[in-house]
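What the coordinates show
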Amino acid sequence: MPPVRGRLTPNAPLAPLVWFKAGGAAQWLFEPADTDDLCDFLHALDPAIPVMGLGLGSNLIVRDGGVPGVVVRLGKPFAKVAADGLTLTCGGGASGILVSSTARDAGIAGVEFLRSIPGTVGGFVRMNGGAYGREVADVLVEAQVVTRDGTLTTLRQADLHYRYRHSDLPDGAIVVSATFLGEHGEPSAIQAEMDRIAAAREASQPLRSKTGGSTFKNPDGHKAWALVDAAGCRGLARGGAQVSEKHCNFLLNTGNATSADIEALGEDVRAKVLAASGVTLEWEIQRVGVA
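To start, this report covers the structure provided alongside it. (Residues numbered from 1 in each chain as written. Predicted model: local features only at pLDDT ≥ 70, side-chain atom pairs only at ≥ 80, totals over all residues. Heavy atoms only, no water.)

What to know about the nonpolar core
Ranked by size, the top nonpolar core spans 29 residues in total, and within it Leu-88, Val-99, Leu-114, Val-121, Val-125, Leu-140 and Phe-180 carry the most contacts. Going through the elements one at a time, strand S7 (87-91), helix H2 (96-105), helix H3 (121-127), strand S11 (140-146) and strand S13 (174-181) are the ones with two or more residues in this core. By size, the runner-up hydrophobic cluster in this structure holds 22 residues, among which are Phe-216, Val-228, Cys-248 and Ile-285. (Core = buried A, V, L, I, M, F, W, Y, C linked by side-chain atoms within 4.5 Å. Buried < 20%, exposed > 50% of the residue type's maximum accessible area, 1.4 Å probe, protein only. Helix = DSSP H or I, 4+ residues; strand = E, 2+ residues; numbered from the N terminus.)

Some words on the sheet that holds strand S5 (residues 67-73)
One open sheet holds the four strands; their spatial order is S1-S2-S5-S3, and the pairing between them is mixed. Looking at strand neighbours, the two that pair on one side only are strand S1 (7-13) and strand S3 (51-54), the edges of this open sheet. Averaged over neighbouring strand pairs, the angle between their axes works out to 30 degrees when direction is ignored. For S1 and strand S2 (residues 25-31), the ladder comprises six bridges, and the chain directions are antiparallel. Paired with Ala-12 across the strands is Ala-26, a residue of S2. Across the sheet, helix H1 (residues 35-44) lies against S1, S2, S3 and S5, angled at about 135 degrees from S2, the strand it touches most. (Pairing = 2+ DSSP bridges. Axes fitted to C-alpha atoms, helices over the stretch in contact; angles between N-to-C directions. Contact = heavy atoms within 4.5 Å.)

Details of the packing of H2 against helix H4 (residues 187-204)
Relative to each other, H2 and H4 sit at 155 degrees, their axes nearing to 8 Å. Between H2 and H4, the angle is such that the two are roughly antiparallel. Only Pro-187, Ile-190, Gln-191 and Met-194 of H4 make contact with H2, whose side of the interface consists of Ser-100, Ser-101, Ala-103 and Arg-104. Its residues placed into classes, the contact of H2 with H4 shows four nonpolar, three polar and one charged. (Parallel < 35°, antiparallel > 145°, perpendicular 65-115°, else oblique. Nonpolar A, V, L, I, M, F, W, Y, C, P; charged D, E, K, R; others polar.)

A few points about the pairing of strand S6 (residues 81-84)
In terms of strand pairing, S6 meets S7 through four bridges, oriented antiparallel. Each bridged residue has a counterpart across the sheet, and for Val-81 the counterpart in S7 is Cys-90. The loop that links S6 with its antiparallel partner S7 comprises two residues; one of these, Gly-85, has a positive phi angle of about 65 degrees.

A short note on the side chain of His-247
Note that His-247 resides in the loop between strand S17 (241-243) and strand S18 (250-253). With sequence-adjacent residues up to four places away left out, His-247 is seen in contact with Ser-204, Gln-205, Pro-206, Trp-225 and Arg-234.

Considerations on helix H6 (residues 259-277)
Here H6 contains 19 residues, and its C-alpha end-to-end distance of 27 Å stays within 8% of the 27 Å for a straight helix at 1.5 Å per residue. Buried residues of H6: Ser-259, Asp-261, Ile-262, Glu-263, Leu-265, Gly-266, Val-269 and Val-273, and no others. Those residues of H6 hidden inside the fold are in contact with strand S4 (60-62), helix H5 (224-230), strand S16 (237-238), S17, S18 and strand S19 (286-288). Just downstream of H6, Gly-278 is the residue with a positive phi angle, here 80 degrees. (Expected span 1.5 Å × (residues − 1).)

What to know about the packing of aromatic side chains
Two measures describe an aromatic ring pair: the distance that separates the ring centres and the angle between the ring planes. Going through the model one piece at a time under the given rule, you end up with two aromatic pairs. For the pair Phe-216 and Trp-283, a centre-to-centre distance of 5.2 Å together with 55 degrees between the ring planes defines the contact as tilted. Of this pair, Phe-216 sits in the loop between strand S15 (210-214) and H5 while Trp-283 sits in the loop between H6 and S19; the two residues are 67 residues apart in sequence, bridging distant segments of the chain. We classify Phe-216 as buried; its relative accessible area is 2%. (Phe/Tyr/Trp six-rings, centres within 6.5 Å; stacked < 30°, edge-to-face > 60°.)

Section: the environment of Leu-14
By the element assignment, Leu-14 lies in the loop between S1 and S2. Excluding residues that lie within four positions of it along the chain, Leu-14 makes contacts with Gly-24, Ala-25, Ala-26, Leu-29, Leu-54, Val-62, Val-67 and Val-71.

Comments concerning the pattern of salt bridges
Applying the stated criterion across every chain, the model contains 16 salt bridges. Put simply, Asp-34 and Arg-5 hold a salt bridge, and the shortest N to O gap is 2.8 Å. Taken together, the residues span a long stretch of sequence, with Asp-34 in the loop between S2 and H1 and Arg-5 in the segment before S1 at a distance of 29 residues. A residue is classified by how much of its surface remains accessible, and Arg-5, at 51% relative accessible area, is exposed. Notably, a salt bridge pairs Arg-104 with Asp-105, separated by 2.9 Å at the nearest N-O pair. Among the charged side chains, a salt-bridge network with shared partners connects Arg-7, Glu-31 and Arg-73. (Salt bridge = Lys/Arg side-chain N within 4 Å of Asp/Glu carboxyl O.)

So this is what it looks like as structure tokens:
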């Protein structure tokens, strides 16, 4: 491995870092000291070695055999947010809660929905994260990205060719910062909207469980949870994994599930939904690593 100024850990367990609390280890876990450290490392790294970014681990199944290559996790140096006028400059490791709270304090509306997404800016940009009628494509101006060869480049919103929960961000690229543009708002009204969103999530989602967030994308003209429910999958289990009784587009680790249990349960649900409705559900949760 190339020399680094940050932290580079071999055979690093990933289960503690992901919401499902299951899965194997990263061959290498790199937590860069800053953007230059990340650029230098990737530039010197053998191009054949795969690289993957890891945020809060909320939308992720890490398979039990672990992740080959390097997993990059952006820590505190990348978890800052600054407001200037109606613009927010956000580090790739900043949480949705920090982004929306900073916006509120600055009187910037339009990013309240990020309060409801359990992830970091890097993941939001890559996946066009969204909720409650808004998505990152609505507010992103540009993102600073370190590509797999260690080049720091700026991508405009149009460069990412956003679709529902998808972008054209290159494989191995790491989002180190993003610029969002909001609109004028009163902090009290922004807080009220954030409170409404938080209450809606608490009422409808199993937030205090070991889960991965929304499992399947909503197909055109359908809600994924309704298709899962209609197929009789509410409460369906495999090993230590279960479809949530509270919101059946969420899978749960009830205590001792392997990642194989969780992924296989998801495939069981997809098969049952296809048989019942003719609709093929697409995974929203990312599945990575070796089975």
